[in-house]
Every structure is written in structure tokens, then in C-alpha cells.
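Chain by chain, the residues run as shown.
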Amino acid sequence: MKVAVFSSKAYDREFLTAANENIDAPLDLVFHEVQLNPDSCLLAQGCDAVCCFVNDQLDASVLQQLAGHGVKLVALRCAGFNQVDLVEAKKLGIKVARVAEYSPHAVAEHALGLILMLNRQLHRAYRRVHDNDYSLNGLLGFDLVNKTVGVIGTGKIGEAFSRIMQGIGCEVIAYDLQPNPALAAAGITYVSLEDLWHAPDIISLHCPLNVATHHLVNSVTIAQMKTGVMLINTSRGGLIDTKAVIAGLKSKKIGYLGLDVYEEESNLFFEDNSNVLLQDDIFARLMTFPNVVVTGHQAFFTREALTTIARITLDNLRFFDSGNLNKVIFVD
Ligand code: NAD
């Protein structure tokens, strides 16, 4: 089976190649650094499948081109699938597989990292000591114990995150369309979405991006939050209306913002743009706030997660190839 692997970095090649060497009949993996988009589609010619990541474009026009090139499977090496036009894929008979679970802990622990960094101003403290400045002004934090944390989406990552925060001594409240009984039994209180906005000192987003959740955090919902709230998004950028959040930061309604994802990240993240002029004025404004920390979609980036992603992605590809469709994790 010949597979065009798009958006592949050195670490993708390393982990996928190692996993491929471990299987009886290795796949023919053709690595491309470029993102999949209408211009790079041609690279999939003669391939049975494409292997894609979070910012590869899989809209109707790209899928139509892929079908024309003979592609029958899109194997996503990520959990989210908001970048795929599933209706068009179905129409074209292209199947879409994903890695539903690799390391929920990787993302949950990164969310905790953002919380600690923002609360104790570690990003500012780090710079200060390098400047021989050991003053503490402006670095005042708060104890996390007994604070209320609101979690939106308590699937695999939301569950891991909720348990971490509970372990620290926070009161965790949650909203999910399908509450998780194990978490409820562990003392996490499910509330309505309306109620979730009001109480928490920290709100962390762990639901998928779809039509219903697009701009879930907007001027109306921000108005309902506690003044000085800490907002954390390690899920998908489109969950947050960035302009509304900037207004919230300026008015001090939002006290801290930690982002691992950004709604226009596909033009920015995963690349070294240090020699490129930043053209995104909204992102540039965001970066001026001392109480904002942004990481470039790295929450998943642990050795354990990459090992599992590579293994499951190759399983999806080879089981599809051998007709063992019940073993492929299709996007449903
Ligand atoms: P999951 O499918 O296990 O859990 C998602 C949960 O969200 C489910 O319990 C679902 O019922 C709930 N949900 C769906 N719609 C909702 C809504 N409208 N309101 C509230 N809850 C809703 O997924 P997961 O593995 O926990 O991943 C969650 C998200 O994290 C993914 O969709 C992905 O976008 C993101 N993610 C980010 C990274 C990263 O590196 N930053 C890595 C992996 C996943």
C-alpha cells in the first residue's frame, strides 16, 4: 500500500518509520513536508491513502482531487477531524480513519502546565532572572487548592484533566452532552452549560470543534464568567472567538489566557516563522498581553503519544488495506 504522508516533520518520519519497521509487510510511506492543500494534492497521485495531520486541508475540492488520484483512505494521525468535509468524503467513497486515543494524559498535563505558568507567572519569572532581576512585583499567584475548575467536555482528555485538578485539591464542575458516570462517581459535579460559565476560577475546554461548539467562548459567554477568570484552550482554536477574548482581556474580565490552539493557526503553527513578518494582527495583539501564554499546538507532543499515534495510524492503514475494516478506527 502506497501512502502519501503530508505535513511530515522529522519527528513524524522517525516515529512512523520505526513503527513501519515493526510490521510484517511494511507500507510504502512517501513523506512530504508540505501541508495537504489544493496545490500539493498532486503528490498523492498513485497513492492508495493519504496520512494527514490537524492543519491539512481536507475540504471538498481537495477530497475531489484525491478521489481523482485514486485515494481511498484518509488516515488522520490525530484525534480531531474538524478539518475534514465528511459529507463530501462519503459522497466520494473516501473513508476517513483517525487515532481516537493516544495519550489523553499528554494534553491534560499540558493544560495543567499552562495553568501553573499563568498563575505563577513562570514565563515572566524565567525572563527576569536571566536579566539579573529577582524582584517579585507582578508575580503574585494564588493557591490552586479549593479553587473551582470548570471543564467543558469530559471525554478522554477532559477526564484525565478533571482527575489531575481534583488531585490538586480543586473542586471540579463539568458540562458534557454525555456526562461520564465514572467522573460523577469520583465527585465531579455535572452542571448545565449556563451554570458552568458562572462559578469557575479556571475554565478549560476539552470538547471537539463542530458546528455546535464553534465560538463557544464569545462575548455573551465571557460576560457570564467570573471577573479575573483563567481560560485554557488545548482543544481547537475555533472554540474561541479570539476578538471577543481580546476585548475580555482588555476589560480585565479575563484575568489569564492559556492557548495551545488558535483559530487561524494553520498559517502559523508547526513552522519556524522567525524570519517572517507576522501578518495576523489579531494574533499579534494577543501576544502583547503579559497574562497570555500561547504554545504552538504541542500539547500532544510526548514520546508516548507519538509512539501510539504512529502505531495506530499504521494499524488503520494496513487493516484497511487487508480488508479488516472492523479493526480500522473510522471517523463515525
Ligand atoms: P473525546 O471524544 O474523548 O471527548 C470529547 C468530549 O466532548 C465527549 O465526552 C463529548 O460528549 C463532549 N462533547 C461533544 N460535544 C460537546 C458539546 N457541544 N459540549 C460539551 N461537550 C461536548 O475527545 P478527546 O480525546 O478527549 O479530545 C478532545 C479534543 O481535544 C479533541 O476534539 C481535539 O480537538 C483536542 N485535542 C487537542 C490536542 C492538542 O495537541 N492540543 C491533542 C488531542 C486532542
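For the structure, check the block above.
In this report, the structure presented in the accompanying data block is examined. Only a predicted model underlies this, so the values are computations on that prediction, with no experimental measurement involved. Throughout this description, residue numbers start from 1 for each chain and increase along the sequence as written. The model is predicted, so local features are restricted to residues of pLDDT at least 70 and side-chain atom pairs to those at 80 or more, both for listing and for counting; the totals for chains, interfaces and linings are taken over all residues. Each side-chain value is derived from all of the structure's non-hydrogen atoms; neither hydrogens nor water enter the calculation.

1. Observations concerning the nonpolar core
With 48 residues, the main nonpolar core has V50, L58, L66, V74 and L317 as its most contacted residues. Put simply, DSSP H or I for four residues or longer makes a helix, DSSP E for two residues or longer makes a strand, and each gets a number counted from the N terminus. Those elements that provide at least two residues to this core are strand 1 (2-5), helix 1 (10-21), strand 3 (49-52), helix 2 (60-68), strand 4 (73-76), strand 5 (95-97) and helix 12 (303-321). Every residue in contact with L66, bar those within four places of it in the chain, is listed here: L36, C41, A44, V50, L58, V71 and I94. We call a set of buried Ala, Val, Leu, Ile, Met, Phe, Trp, Tyr and Cys residues a nonpolar core when their side-chain atoms join them within 4.5 Å. The classification of residues rests on relative accessible area computed with a 1.4 Å probe and restricted to protein chains. Under 20% of the type maximum is buried, over 50% is exposed, and intermediate values are partly exposed. Formed by 32 residues, the second largest nonpolar core is a distinct cluster that contains I173, L216, Y262 and L286. Residue contacts are counted whenever heavy atoms from the two residues lie within 4.5 Å of one another.

2. As for the side chain of Q121
Here Q121 lies in the loop between helix 4 (104-119) and helix 5 (122-130). Those residues in contact with Q121, other than ones at most four positions away along the chain, are L116, G138, L139, Y256 and P290.

3. With respect to the site of the ligand
Lining the immediate surroundings of the ligand are 23 residues, of which Y102, K156, I157, D176 and T234 lie closest. As used in this structure description, the phrase polar contact means that two N or O atoms lie within 3.5 Å; if the pair is within protein, one of them must be able to donate a hydrogen and the other to accept it, and residues adjacent in sequence are counted only when both atoms belong to side chains. Take D176: an N or O atom from its side chain is 2.6 Å from an oxygen atom of the ligand. Within the backbone of F300, a nitrogen or oxygen atom sits 3.1 Å from an oxygen atom of the ligand. Only the protein chains shown count as covering a residue, and every accessible area follows the Shrake-Rupley method with a 1.4 Å probe. Here the ligand, which alone exposes 860 Å², has 88% of that area covered by the protein. Gly is put with the polar residues, along with every residue not named as nonpolar or charged; the nonpolar set is Ala, Val, Leu, Ile, Met, Phe, Trp, Tyr, Cys and Pro, and the charged set is Asp, Glu, Lys and Arg. Classifying every residue of the shell around the ligand by side-chain character gives ten nonpolar, nine polar and four charged. For each residue, the test is whether any non-hydrogen atom lies within 4 Å of the molecule or strand; if one does, the residue is near.

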